[in-house]
Amino acid sequence: MRVEVFSEIGALKKVLVHRPGPELEQLTPPHLSRMLFDDIPYLKGAQQEHDRFVQALKEEGAEVCTLRQAAAQSLSAPQARADFIRDFIREGGAAAQQEARALTRLLSEIPDNEALIEKTMAGVTYDEAGVYEGRPLTRAVRRDTRYLLDPLPNLYFTRDPFSAVGRGIAFSRMHAPTRQRETIYGRYIFSHHPDFLGQVKSWYAPDAPFSLEGGDLLNLGSGVLGAGLSQRTQPEALEGLARTALADEDSGVDRILVFHIPNIRAFMHLDTVFTQLDRD
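Residues numbered from 1 in each chain as written. Predicted model: local features only at pLDDT ≥ 70, side-chain atom pairs only at ≥ 80, totals over all residues. Heavy atoms only, no water.

Caption draft 1: Local environment of the overall build of the chain. On a plain count of helices and strands, the chain comes out with eleven helices and ten strands. Across its three principal directions, the C-alpha atoms of the chain cover 65 × 40 × 40 Å. Within the chain, the fraction of its 280 residues that count as buried is 47%. Look at the contacts in the chain between residues 6 or more apart in sequence, and 71% of them connect residues 24 or more apart. Of the roughly 14,600 Å² that the chain leaves accessible, carbon and sulfur atoms contribute 50%. Within the chain, the 39 negative side-chain charges are centred at a point lying 5 Å from the centre of the 32 positive side-chain charges. (Helix = DSSP H or I, 4+ residues; strand = E, 2+ residues; numbered from the N terminus. Buried < 20%, exposed > 50% of the residue type's maximum accessible area, 1.4 Å probe, protein only. Contact = heavy atoms within 4.5 Å. Areas by Shrake-Rupley, 256 points an atom, 1.4 Å probe, with all protein chains shown as cover. Lys, Arg positive; Asp, Glu negative; His and termini not counted. Charge placed at Lys NZ, Arg CZ, Asp CG, Glu CD.)

Caption draft 2: Just helix 11 (residues 235-247), in detail. Compared with an ideal rise of 1.5 Å per residue, which puts 13 residues at 18 Å, helix 11 spans 18 Å between its outermost C-alpha atoms and is within 8% of the ideal. Among the residues of helix 11, A237, L238, G240, L241, A242 and A245 are the ones counted as buried. Here the buried face of helix 11 lies against strand 6 (168-171), strand 7 (201-204), strand 8 (217-221), strand 9 (224-229) and strand 10 (255-260). (Expected span 1.5 Å × (residues − 1).)

Caption draft 3: Structural context of the sheet that holds strand 6. An order of 5-6-7 is seen for the three strands of this open sheet, with the pairing classed as mixed. With one partner strand each, in any of the chains shown, strand 5 (162-165) and strand 7 form the two edges of the open sheet. Ignoring which end each strand starts from, the neighbouring axes of this sheet average 35 degrees apart. As defined by bridge partners, strand 5 adjoins strand 6 across four bridges and the pair is classed as antiparallel. Bridged to V165 within strand 6 is G168. (Pairing = 2+ DSSP bridges. Axes fitted to C-alpha atoms, helices over the stretch in contact; angles between N-to-C directions.)

Caption draft 4: Structural detail: the side chain of R81. Counting through the fold element by element, R81 comes out in helix 4 (residues 78-90). D112 provides the closest opposite charge to the buried, salt-bridge-free R81, at an N-O distance of 7.4 Å. (Salt bridge = Lys/Arg side-chain N within 4 Å of Asp/Glu carboxyl O.)

Caption draft 5: Summary view of the nonpolar core. Grouped together as the largest cluster of nonpolar side chains are 38 residues, with contacts concentrated most on F84, L103, L107, I117, A129, Y185 and F190. Contributing elements (two or more residues each) for this core: helix 3 (67-73), helix 4, helix 6 (100-108), helix 7 (113-122), helix 8 (126-129), strand 4 (147-149), strand 6 and helix 10 (182-192). Sequence-distant contacts of L107, defined by excluding residues within four places in its chain, comprise R81, I85, I89, L116, K119, T120, V124 and L149. Judged by nonpolar contacts, the second largest core, of 15 residues, contains V165, L217, L225 and A245. (Core = buried A, V, L, I, M, F, W, Y, C linked by side-chain atoms within 4.5 Å.)

Caption draft 6: Representation of helix 4 within the structure. Between the first and last C-alpha of helix 4 there are 18 Å, a value that for 13 residues agrees with the 18 Å anticipated at 1.5 Å per step. Among all positions in helix 4, only A80, R81, D83, F84, I85, D87, F88 and I89 are buried. Contacts made by the buried residues of helix 4 are with helix 5 (94-98), helix 6, helix 7, strand 4 and helix 10.

Caption draft 7: Structural context of the environment of A227. Looking at the element boundaries, A227 is found in strand 9. The exposure class assigned to A227 is buried, which follows from its relative accessible area of 1%. Dropping the residues within four chain positions of it, A227 is found in contact with D216, L217, L238, I256, L257, V258, F259 and L270.

Caption draft 8: View of the packing of helix 4 against helix 7. It is the contact of helix 4 with helix 7, at a shortest axis distance of 12 Å, that shows an interaxial angle of 5 degrees. The orientation of helix 4 relative to helix 7 falls into the category roughly parallel. Only N113, L116, I117 and T120 of helix 7 make contact with helix 4, whose side of the interface consists of R81, F84, I85 and F88. A class-by-class count of the residues in the contact of helix 4 with helix 7 yields five nonpolar, two polar and one charged. (Parallel < 35°, antiparallel > 145°, perpendicular 65-115°, else oblique. Nonpolar A, V, L, I, M, F, W, Y, C, P; charged D, E, K, R; others polar.)

Structure (structure tokens):
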């Protein structure tokens, strides 16, 4: 299957969403700012709103796929599953890397792939990994919930970590360290999911040194891509994206318009500044 997205306003055929889950329940006041939240969302209410949103999409004829299921279906091969666990821990930070053996054992022992994906989204605490054993001082000091692998509460913004651009995908280099691992799901979906099996071209890679986020990319039609130069997308990243996409005659992108928006969180992304409603 190819990815082909040239519009923000055309008929939506297939869409990837993430239903808010236990990762929101892991938010606690000491961790809010680091997780890019100002308050703790009410999970049940968020799920009810999301369910109504999905129902509206289906009523308009769109096929709705969930990130959790798509990622799980990408791990059917044992090697892909093992590589996913390794990559997730490797990108989880210094503490996760130091305790890689305990984390690998815990995640590998989860038999169901969908349950494994949900656990990586919800996060893993020191207690769950058994790391506090033999460390009474650390346990006494870390009285609040302490994560070896942080939860990923921003996942329902599914456009940010990987976005469809023309006939390919721009994998993001997330601006905030707490969101870096979100891109891993997309990498495995487009490399290992039976619908794609590595057939999807990439215009930007998450291992690039400059940040790029999908909320700053808008498919404006007629081969035009709108790109936001923002707090979370750097000019070097947009130049790298342009070099790759414009050099491929099959990309469907022949012009990129860059909009310089204020470098503050209130604006955040181009899609919080512009919302395209129709052709005009």
